[in-house]
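# Reading the structure
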Amino acid sequence: MVDYHSAGQPYPYGGNGPGPNGDYMAQEDDWDRDLLLDPAWEKQQRKTFTAWCNSHLRKAGTQIENIDEDFRDGLKLMLLLEVISGERLPKPERGKMRVHKINNVNKALDFIASKGVKLVSIGAEEIVDGNAKMTLGMIWTIILRFAIQDISVEETSAKEGLLLWCQRKTAPYKNVNVQNFHISWKDGLAFNALIHRHRPELIEYDKLRKDDPVTNLNNAFEVAEKYLDIPKMLDAEDIVGTLRPDEKAIMTYVSCFYHAFSGAQKAETAANRICKVLAVNQENEHLMEDYEKLASDLLEWIKRTIPWLEDRSPQKTIQEMQQKLEDFRDYRRVHKPPKVQEKCQLEINFNTLQTKLRLSNRPAFMPSEGKMVSDINNGWQHLEQAEKGYEEWLLNEIRRLERLDHLAEKFRQKASIHEAWTEGKEAMLKQKDYETATLSDIKALIRKHEAFESDLAAHQDRVEQIAAIAQELNELDYYDSPSVNARCQKICDQWDVLGSLTHSRREALEKTEKQLETIDELHLEYAKRAAPFNNWMESAMEDLQDMFIVHTIEEIEGLIAAHDQFKSTLPDADKEREAILGIQREAQRIADFNSIKLSGNNPYTSVTPQIINSKWERVQQLVPKRDHALLDEQSKQQSNEHLRRQFASQANIVGPWIQTKMEEIGRISIEMNGTLEDQLNHLKQYEQSIVDYKPNIDLLEQQHQLIQEALIFDNKHTNYTMEHIRVGWEQLLTTIARTINEVENQILTRDAKGISQEQMQEFRASFNHFDKDHGGALGPEEFKACLISLGYDVENDRQGDAEFNRIMSVVDPNNSGIVTFQAFIDFMSRETTDTDTADQVIASFKVLAGDKVRHGGATGDGGCPCGLWMFISFFFTPPIYPELHHGRGAAARAAPRPGGVLHRPHGSLPGP
């Protein structure tokens with residue numbers, strides 16, 4: 001296969017790259033020959049391309065029937081090129097041999113190449129051999145070059161220009177939404193709308209129905225052929241019967257409408273240029289008003305919320321604190337997220353407004369005092385600090401109240417047990433029974449008193465525990481501390497009285513002890529062993545009924561292990577009980593054997609066998625209850641552990657995912673390749689993939705809600721908290737939104753300034769080269785090095801420093817000490833291109849006025865109306881002073897520059 005255009009490297013999309021003759025190819029996809037394998041598309045292309053060729057060949061009195069056969073000898077191909085170009089091609093060879101045909105086709109291909117088109121992989125042999133795919137590809141390239149390339153609409157050209165033209169023309173029509181050159185045209189309404197827009201008398205548009213595409217298409221094709229001299233290039237049945245009509249066939253046919261109606265385009269373009277200037281200024285004013293309102297609302301909300309978050313008034317009960325926690329959760333779930341979005345949107349609107357103002361050569365927008373983005377960020381930072389401290393305080397306060405409730409219940413239980421034990425003890429110690437007792441009775445009283453002292457000593461620990469609990473309740477600021485203190489003081493005072501009375505009674509008994517000779521050793525032994533055993537049973541019952549609170553599975557398992565250990569001591573305790581009861585039975589047996597009549601209960605102790613058996617029975621009943629309580633708590637802690645693991649499993653996936661995405665966004669913002677539109681599409685797809693991940697965050701929120709409801713405060717299975725996830729998610733959304741906004745602003749700058757993709761990539765490469773820390777901004781020294789590399793004379797001398805300071809005042813008007821990429825692009829675009837000039841606007845006014853001056857009207861330079869000069873002076877002459885632009889003061893309006901001459905920036909229009 002012969003390549004007649006091997007000079008230079010082929011452009012990736014089949015053209016010869018960007019430039020005066022190749023831009024249209026850079027906007028088109030490469031000729032995809034595989035698509036021709038679709039018979040429906042090939043059929044549409046054959047018919048459309050054949051009709052298009054015949055529409056030009058008939059001017060030379062000929063036509064073709066078979067597109068891949070009739071061009072094989074090259075004669076009609078050369079004739080077609082002569083007709084559409086208006087130029088003469090070399091004389092064709094009339095021989096019938098293959099070499100003559102190849103030479104003719106080569107002449108045609110050389111002519112196409114001379115017009116800046118590079119036909120990669122399309123050689124004369126394929127055309128001569130009747131290769132349908134290559135022939136259709138060649139004809140499509142010719143259509144692009146001679147019918148579509150020169151289409152230009154509002155700074156867009158070729159395919160994009162043709163699409164924009166169609167969208168502008170069909171915008172007012174219902175049921176018409178032109179987004180492409182395939183399915184948007186299937187119902188036929190778009191074709192009819194184009195005709196009706198320019199020739200409304202030819203189409204009754206309101207009578208067309210969207211559900212009758214064949215009728216719509218045939219109507220448009222017939223009217224175009226009959227009245228507009230546009231041949232029928234498409235079949236309605238083919239378009240309707242194809243899932244996606246062939247884009248190239250549609251573009252070819254639509255381009256005929258463009259050329260037929262292009263005469264009315266110039267006046268519309270001139271009017272649009274003027275409307276564009278006015279619309280931009282109105283839009284900027286609306287954006288300023290929207291920013292002020294949104295900033296005021298957001299700052300007011302922050303101002304109202306911070307005092308609420310800083311309120312640390314403690315509550316008396318855990319229920320009240322839990323309600324505060326629930327209110328805080330509602331704030332985090334319901335009230336704060338919309339404000340995060342408002343803050344992000346506010347920053348985006350501010351950046352977009354500043355970009356549009358720069359592009360319109362308008363002064364930068366300065367918000368009202370206290371409503372700068374930095375003010376909002378400071379307020380937001382204060383809000384988040386208060387929010388973090390408030391949450392920590394709530395959790396600590398709930399733990400404190402929970403601890404207080406537990407301690408208060410424990411205090412009441414121990415105090416009740418102690419008070420029940422001390423009941424009647426004071427009256428007993430005050431008795432004078434020893435004065436009338438016999439010797440044996442005295443001995444019994446002494447032993448009984450010793451047993452009481454033993455019991456009293458055993459209760460000393462309980463009194464100390466009660467005092468310690470009361471002290472802890474005071475230290476934790478328990479709301480009912482006065483009543484606790486009063487009860488504790490009463491117990492301590494009573495304990496001191498008991499101690500004093502016990503000492504006095506012992507002295508009285510010891511005075512008569514010498515007179516006592518006999519004692520019932522067996523009863524004494526019973527009393528000594530029964531008292532501690534009774535105390536052990538009371539302690540056991542107290543422990544078995546003691547409330548417990550745990551937060552982990554390990555704690556409950558520790559309690560279960562301690563309980564199991566306690567149960568292992570019960571057999572020994574039962575033996576001790578049997579031994580104690582055996583002592584009592586032995587005493588009774590001896591008395592019965594010796595015919596001794598005992599005077600009732602054991603004189604040495606009030607702990608009877610019935611009491612021991614009753615308490616032992618109670619212990620036996622409490623043990624299984626304690627088992628059930630511990631097992632229930634174990635089940636609860638296992639459920640809590642499951643919630644922890646469930647949350648940790650999801651958090652350990654979401655957390656690293658967010659971190660990875662943040663790193664990827666950082667790399668994408670530095671390493672972005674392709675056109676800005678490709679980058680924008682890629683970023684939006686990337687943003688969509690992030691938004692699509694939102695259900696995982698919602699699932700984590702649901703799991704976190706369950707954990708909060710279960711009052712679970714720690715999780716050893718993950719280092720991620722819900723706060724970390726929320727902050728990371730908000731930062732991720734904000735970062736991708738800012739990155740997209742940066743690219744959109746670059747597109748605005750590029751489109752407004754006419755910067756090519758290569759220039760934009762060159763600017764990006766230069767900026768990234770000197771952005772050593774990849775922070776997205778250059779310091780003064782880095783920016784100076786970048787300027788030197790671009791050929792600016794800013795070396796370290798007086799003149800270079802002055803020039804550098806001038807440039808820095810342009811790119812960094814706020815003296816922030818950094819140069820952003822957007823500021824760099826704005827500066828470079830001003831250095832290389834310009835926006836709509838005053839001359840262009842004057843020309844637009846002349847087109848609308850038909851180059852006529854209104855009679856009787858005052859004129860300025862060149863016969864231009866003074867009203868026009870006032871319009872130009874307002875929109876294209878930068879304000880002499882900021883006060884003038886904002887309407888401040890008549891004195892500022894008349895203030896001259898030094899020397900008595902008003903300063904006019906370089907390049908501005910002279911006054912009328």
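Fair warning: this is a prediction, and the values are worked out from it, not measured in the lab.

Within the protein chain, the regular secondary structure consists of 33 helices and four strands. The buried share of the protein chain, taken over its 912 residues, is 45%. A separation threshold of at least 6 residues defines the contact pool for the protein chain, and within that pool the share at least 24 residues apart is 74%. As displayed, the protein chain has an accessible area near 47,100 Å², and 51% of this comes from carbon and sulfur atoms.

The end-to-end C-alpha distance of helix α28 (residues 798–811) is 20 Å, a good match for the 20 Å that 14 residues give at a rise of 1.5 Å each. Of the positions making up α28, those classed as buried are Gly800, Phe804, Ile807, Met808 and Val811. Viewed along the axis of α28, the buried residues span an arc of 105°, placing them on a single side of the element. For α28, exposure combined with an orientation more than 90 degrees from the buried face picks out Arg798 and Gln799.

Aromatic ring pairs are reported here in terms of the distance separating the ring centres and the angle at which the planes meet. Going through the model one piece at a time under the given rule, you end up with 22 aromatic pairs. Ring plane angle 5° and centroid distance 6.1 Å describe the contact between Trp421 and Phe452, whose orientation is recorded as stacked. Of this pair, Trp421 sits in helix α14 (residues 373–422) while Phe452 sits in helix α16 (residues 439–458), and the two are 31 residues apart along the sequence. A residue is classified by how much of its surface remains accessible, and Phe452, at 8% relative accessible area, is buried. Ring pairs connect the aromatic residues Phe181, Trp185, Phe191, Phe221, Tyr253, Phe257 and Phe261, which therefore count as one cluster. For the cation-ring pair, Arg145 lies above Phe146, with the distance from its terminal atom to the ring centre recorded as 5.2 Å. Above the ring of Trp421, the side-chain terminus of Lys425 is found at 4.9 Å from the ring centroid.

Our next topic: the pattern of salt bridges. Counted according to the given criterion, the structure contains 43 salt bridges. For the salt bridge of Lys47 with Asp235, the shortest nitrogen-to-oxygen distance reads 3.6 Å. Residue Lys47 is located in helix α2 (residues 39–57), and its partner Asp235 is located in the loop between α9 (213–227) and α10 (236–241); the two are separated by 188 residues in the primary sequence. Between Lys336 and Glu384 there is a salt bridge whose closest N-O contact spans 4.0 Å. Here Lys336, found in helix α13 (residues 318–359), pairs with Glu384, found in helix α14; they are 48 residues apart in sequence, far enough to count as distant.

Counting 80 residues, the largest nonpolar core has Trp52, Ile142, Trp185, Phe191 and Phe257 as its most contacted members. Excluding its chain neighbours within four sequence positions, the residues that come into contact with Phe257 are Trp165, Phe191, Leu194, Ile195, Ala224, Leu228 and Ile230. Judged by nonpolar contacts, the second largest core, of 48 residues, contains Ile725, Ile736, Val743 and Met828.

Contact geometry for α2 and helix α6 (residues 132–148): axes closest at 11 Å, N-to-C directions at 50°. The angle between α2 and α6 falls in the class oblique. Note that α2 runs across α6; the crossing there is left-handed. Listed contacts from α6 to Glu42, Gln45, Arg46, Phe49, Trp52 and Cys53 of α2 are Ala132, Leu136, Ile139, Trp140, Ile142, Ile143 and Ala147. Residues belonging to the contact of α2 with α6 are distributed by class as follows: ten nonpolar, one polar and two charged.

All right, on to the side chain of Glu247 then. On the secondary structure map, Glu247 appears in helix α11 (residues 247–261). A polar contact of 3.2 Å, which involves the side chain of Glu247, links it to the side chain of Lys159. For Glu247, the residues in contact, after removing those within four places along its chain, are Lys159, Phe181 and His182.

In this structure, Asp238 sits in helix α10. At a separation of 3.3 Å, a polar atom in the side chain of Asp238 contacts the side chain of Lys43. Non-local contacts of Asp238, meaning those with residues more than four positions away in its chain, are made with Lys43 and Gln44.

The next thing to look at is unusual backbone geometry. Non-glycine residue Asn175 carries a positive phi angle of around 65°. Of note, Asn175 is situated in the loop between α7 (158–170) and α8 (189–198). The backbone phi angle of Asn815 is positive, close to 55°, even though this residue is not glycine. With respect to the element layout, Asn815 can be found in the loop between α28 and β4 (819–820). In this structure Asn815 comes out as exposed when scored by relative accessible area, which is 68%.

Along the chain, Arg403 falls in helix α14. Taking relative accessible area as the criterion, Arg403 reaches 37% and is therefore assigned partly exposed. Measuring from C-alpha to C-alpha, the distance between Arg403 and Ile549 comes to 8.8 Å, with 146 residues separating the pair along the chain. Non-local contacts of Arg403, meaning those with residues more than four positions away in its chain, are made with Glu472 and Leu476.

A word on helix α23 (residues 676–692). A rise of 1.5 Å per residue sets the reference length of α23, with its 17 residues, at 24 Å; its end C-alpha atoms lie 24 Å apart and thus fit the reference within 8%. Buried within α23 are the following residues: Leu676, Gln679, Leu680, Leu683, Tyr686 and Ile690. Down the axis of α23, the buried side of the element spans an arc of 125°, and every buried residue falls inside it.

Let's shift gears to the confidence of the model for the protein chain. Counting all residues, the mean pLDDT for the protein chain is 78, and 81% of those residues have values of 70 or more. The model gives residues 1–37 a pLDDT under 50, and that stretch makes 79 contacts with residues more than four places away or in other chains. Contacts for the low-pLDDT stretch residues 853–864, under 50 throughout, to residues beyond four places or in other chains number 14 contacts.

Cut-offs applied
Residues numbered from 1 in each chain as written. Predicted model: local features only at pLDDT ≥ 70, side-chain atom pairs only at ≥ 80, totals over all residues. Heavy atoms only, no water. Helix = DSSP H or I, 4+ residues; strand = E, 2+ residues; numbered from the N terminus. Buried < 20%, exposed > 50% of the residue type's maximum accessible area, 1.4 Å probe, protein only. Contact = heavy atoms within 4.5 Å. Areas by Shrake-Rupley, 256 points an atom, 1.4 Å probe, with all protein chains shown as cover. Expected span 1.5 Å × (residues − 1). Arc of directions from axis to C-beta. Phe/Tyr/Trp six-rings, centres within 6.5 Å; stacked < 30°, edge-to-face > 60°. Lys NZ or Arg CZ within 6 Å of the ring centre and 35° of its normal. Salt bridge = Lys/Arg side-chain N within 4 Å of Asp/Glu carboxyl O. Core = buried A, V, L, I, M, F, W, Y, C linked by side-chain atoms within 4.5 Å. Axes fitted to C-alpha atoms, helices over the stretch in contact; angles between N-to-C directions. Parallel < 35°, antiparallel > 145°, perpendicular 65-115°, else oblique. Left-handed = near helix turned anticlockwise from the far one by under 90°. Nonpolar A, V, L, I, M, F, W, Y, C, P; charged D, E, K, R; others polar. Polar contact = N/O pair within 3.5 Å; in protein donor to acceptor, adjacent residues only side chain to side chain. pLDDT = per-residue confidence, 0-100.

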